[in-house]
Amino acid sequence: MHPGQLAIKDFTYNLPPGKIAKYPLRVRDESKLLVYKNGEITENLYRNIVNELSENTLLIFNNTKVVEARILFEKQSGGVIELFCLEPGEDYADITTAMLQKEKVLWKCLVGGAKKWKQGLLEKHIYAAGNNLLLTARKVEQKNDYFLIELAWNDKTLTFAEVLHQAGVIPLPPYLDRVAEENDKNTYQTIYAKYDGSVAAPTAGLHFTTQVFESFSAKNINTAFVTLHVGAGTFKPVKAATMHEHEMHAEFFEVSRGLVETIIANLDNGIIAVGTTSLRTIESLHWMGVKLITALGGRPLAEVTADEISVHQWDAYGLRGKITPADALQALLKWMDARLASQIITKTQIIIAPGYHLKIAKGLVTNFHQPQSTLLLLVAAVVGQDWRKIYDYALDNDFRFLSYGDGSLLFKRDS
């Protein structure tokens, strides 16, 4: 069955509110770890995850950094307008470029209280880099599902990332149903977060500590990093009856040449994606290479742009040809050589759902996800119908759910 024919109602379960973790554990790696392998379920803790992995396994993490994407502007009348910064305007090549803009930037935003904002500028006084600054917001254009906003500040030395850090608030997932607190700035961030750009944390990584990373080296377990900036679409509910009618969110990602080479070298060792975002990124690399070999195979590689090999929602189910991951990734390296590029920056809209067969990853580390979500569909693609057995076990054995909850190590069903 093509995943587009899947009915989202078939991927639901009862999630009592009391199972949702509103806050993280005090010690990250004390979170429970459900292990699914060869159809069997066992339990452990994240601090012992090394014991569940084979020697020479490659773990791939997402080192994106959550930004303070919610900005609250108080009107003179006392009302509050909230801007939720989604992603940069089309003028910028990628999120990093937009984050480094000075004096002003264009950003796609959701606007809470938009009807109260008739015209004119919104103003917010902030304190940054030892100075009192004025941040302003101006509506440039209204689209169907966002506003294009010009944000400007009166300091030529500060980047937008620096201004946002002082002006904004960490955007906790709506299902936590609470306001962000000071501790969330640290707890809703992985210890290896590096590049500003996400509006949600890659939560599978929240459980990893320095001690866990140190345990990997003793067993020759390798680690590598991708950067996928998580968008608000990760929380977008599936309202359509079938997946054909649901539009998957597109997200910026960036990988280095070295990462592609590392994946090729470890295809036989076993690659585990830490988080659904890491999985979507490395699986997208395969399909980008397939595009280069098939759909774009007749053109000089130097002329093919990153946009042309970006992965759309259903590409993985429509591209033809039996191309191995090694060949696909080698095609990517040749393309990078032709363009004298050391990294790939593009978008992926890939949807991984039952009917999809993993090309690069042999398993997944992930939290427990919402009913009727694209993230649950992804889990079902990895473990098949056993997703129900896994979630029933977690519910019956006091696992904590969603972003601040416990997690799982899932080996794909045919392994």
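Please refer to the structure higher up on the page.
Thresholds, definitions, all that
- Residues numbered from 1 in each chain as written.
- Predicted model: local features only at pLDDT ≥ 70, side-chain atom pairs only at ≥ 80, totals over all residues.
- Heavy atoms only, no water.
- Phe/Tyr/Trp six-rings, centres within 6.5 Å; stacked < 30°, edge-to-face > 60°.
- Helix = DSSP H or I, 4+ residues; strand = E, 2+ residues; numbered from the N terminus.
- Buried < 20%, exposed > 50% of the residue type's maximum accessible area, 1.4 Å probe, protein only.
- Lys NZ or Arg CZ within 6 Å of the ring centre and 35° of its normal.
- 1 Å grid on protein atoms, 1.4 Å probe; cavity = no way out; pocket = protein on both sides within 12 Å on 5 of 7 lines; lining within 4 Å.
- Points joined across faces, edges and corners; volume = space filled by probe spheres on them.
- Nonpolar A, V, L, I, M, F, W, Y, C, P; charged D, E, K, R; others polar.
- Arc of directions from axis to C-beta.
- Contact = heavy atoms within 4.5 Å.
- Polar contact = N/O pair within 3.5 Å; in protein donor to acceptor, adjacent residues only side chain to side chain.
- Pairing = 2+ DSSP bridges.
- Axes fitted to C-alpha atoms, helices over the stretch in contact; angles between N-to-C directions.
- Parallel < 35°, antiparallel > 145°, perpendicular 65-115°, else oblique.

Asks: Please clarify how the packing of aromatic side chains should be interpreted in this entry.
Replies: Counted by the stated rule, this structure contains 25 aromatic pairs. Here Tyr13 and Phe401 contribute two aromatic rings whose centre-to-centre distance is 6.1 Å and whose plane-to-plane angle is 45 degrees, an arrangement assigned as tilted. Here Tyr13, found in the segment before strand E1 (32-37), pairs with Phe401, found in the loop between helix H10 (386-396) and strand E17 (407-411); they are 388 residues apart in sequence, far enough to count as distant. The class of Tyr13 is buried, set by a relative accessible area of 11%. Residue Phe401 is classed as buried on the basis of its relative accessible area of 0%. Ring geometry for Tyr188 and Tyr404: centres 5.9 Å apart, planes at 75 degrees, overall edge-to-face. Residue Tyr188 is located in the loop between helix H3 (184-187) and strand E11 (195-198), and its partner Tyr404 is located in the loop between H10 and E17; the two are separated by 216 residues in the primary sequence. The same class applies to Tyr188 and to Tyr404, which are both buried. In textbook terms, an aromatic cluster arises when at least three aromatic residues are bridged by ring pairs, as seen for Phe11, Tyr13, Phe368, Trp387, Tyr391, Tyr393, Phe399 and Phe401. Sitting over the face of the ring of Phe399, Lys32 holds its NZ or CZ atom 4.1 Å from the ring centroid. Cation over ring: Lys37 sits above Phe411, and NZ or CZ is 4.8 Å from the ring centre.

Asks: Is there a simple way to explain the layout of surface pockets in this structure?
Replies: A probe as big as a water molecule, rolled over the atoms, marks out the empty space that is left. Size it by volume and the second largest pocket reaches roughly 320 Å³. Along the walls of the second largest pocket sit 19 residues, with Phe252, Asp307, Ser310, Thr346 and Lys347 positioned nearest its centre. If you list the elements that add at least two residues to the lining of the second largest pocket, you get strand E6 (80-88) and strand E15 (343-348). Taken together, the residues of the lining of the second largest pocket break down into eight nonpolar, six polar and five charged.

Asks: Help me understand helix H4 (residues 210-217) in this model?
Replies: Residues spaced three or four apart along an α-helix face the same direction, because each turn holds 3.6 residues. Three or more residues of H4 are buried, namely Val212, Phe213 and Phe216. Projected onto a plane normal to the axis of H4, the buried residues spread over an arc of 100 degrees and lie on a single side. Across H4 from its buried face, at more than 90 degrees, point the exposed residues Gln211, Glu214 and Ser217. Elements that come into contact with the buried residues of H4 comprise strand E3 (58-62) and strand E12 (222-228).

Asks: Before we go on, may I ask you to explain the environment of Thr136 in this structure?
Replies: With respect to the helices and strands, the residue Thr136 is situated in strand E9 (residues 131-142). For Thr136 and Lys124, which are 12 residues apart along the polypeptide, the C-alpha to C-alpha distance reads 6.4 Å. The residues contacting Thr136, other than those within four sequence positions of it, are Leu121, Leu122, Glu123, Glu150, Leu151 and Ala152.

Asks: Which parts of the structure should I look at to understand the side chain of His229?
Replies: Relative to the assigned elements, His229 resides in the loop between E12 and strand E13 (251-256). For His229, a relative accessible area of 6% gives the class buried. There is a polar contact of 2.8 Å between the side chain of His229 and the side chain of Thr64. For His229, the contacting residues outside a window of four places in its chain are Thr64, Ile95, Thr96, Tyr195, Asp196, Gly197, Ser198, Glu251 and Phe252.

Asks: Could you clarify how one ought to interpret the sheet that holds strand E7 (residues 104-112) in this entry?
Replies: Two pairing modes exist for strands in a sheet, parallel and antiparallel, and in both the strands are linked by backbone hydrogen bonds. Strand order in the open sheet formed by six strands is E5-E6-E7-E10-E9-E8, and the pairing between neighbours is antiparallel. Across the chains shown, the open sheet's two edge strands, defined by having one partner strand only, are strand E5 (70-74) and strand E8 (122-128). The mean angle between the axes of side-by-side strands here comes to 40 degrees, regardless of whether they run parallel or antiparallel. Alignment of E5 against E6, held across five bridges, turns out to be antiparallel. Across the sheet, residue Ile71 finds its bridge partner in E6, namely Leu83. Contacts from helix H2 (residues 160-167) reach E5, E6, E7, E8, E9 and strand E10 (147-153) within the one sheet, and its direction differs from that of E8 by about 95 degrees.

Asks: Teacher, can you tell me more about the sheet that holds E15 here?
Replies: If you trace the nine strands from one edge of the open sheet to the other, you get E2-E1-E17-E16-E14-E3-E12-E13-E15, paired in mixed fashion. Since the sheet does not close on itself, it has two edges, and those belong to strand E2 (40-45) and E15, each with one partner. Across this sheet, the average inter-strand angle for adjacent strands is 25 degrees, counted without regard to direction. By the bridge criterion, two bridges tie E12 to E13 in an arrangement that is antiparallel.

Asks: What should I look at first to understand unusual backbone geometry in this one?
Replies: Excluding glycine, a negative phi dihedral is what most residues carry, and trans is how most peptide bonds are arranged. For Asn38, which is not glycine, the phi dihedral falls at a positive 55 degrees. Looking at the secondary structure, you find Asn38 in the loop between E1 and E2. In this model, Asp177 sits at a positive phi of 55 degrees, which is unusual for a non-glycine residue.

Asks: Where do I start with the packing of helix H9 (residues 374-383) against H10 in this structure?
Replies: Two measures define how a pair of helices packs: the angle their axes make with one another and the distance between the axes. Following both chains from N to C, one finds H9 and H10 inclined at 115 degrees, their axes separated by 8 Å at the closest point. Taken together, H9 and H10 sit at an angle that is classed as roughly perpendicular. Of the residues in H10, those in contact with Leu376, Val379, Ala380 and Val383 of H9 are Asp386, Trp387, Ile390 and Tyr391.

Asks: Could you clarify how one ought to interpret the side chain of Arg280 in this entry?
Replies: Here Arg280 lies in helix H6 (residues 276-293). Judged by its relative accessible area of 4%, Arg280 falls in the buried class.

Asks: What is the right way to read the pairing of E7 from this model?
Replies: Look at any regular strand and the pattern is simple: side chains alternate between the two faces of the sheet. The pairing of E6 with E7 spans six bridges and is antiparallel. For Glu82, the partnering residue across the bridge sits in E7 and is Gly112. Sheet analysis places E7 next to E10, joined by six bridges and oriented antiparallel. Directly across from Cys109, in E10, lies its bridge partner Phe147.

Asks: Mind showing me how you'd approach the packing of H6 against helix H8 (residues 325-338) here?
Replies: Following both chains from N to C, one finds H6 and H8 inclined at 70 degrees, their axes separated by 7 Å at the closest point. Considering the angle they form, H6 stands roughly perpendicular to H8. In this structure, H6 contributes Leu285, His286, Met288, Gly289, Val290, Leu292 and Ile293 to the contact, and H8 contributes Pro325, Asp327, Ala328, Leu329, Ala331, Leu332 and Trp335.

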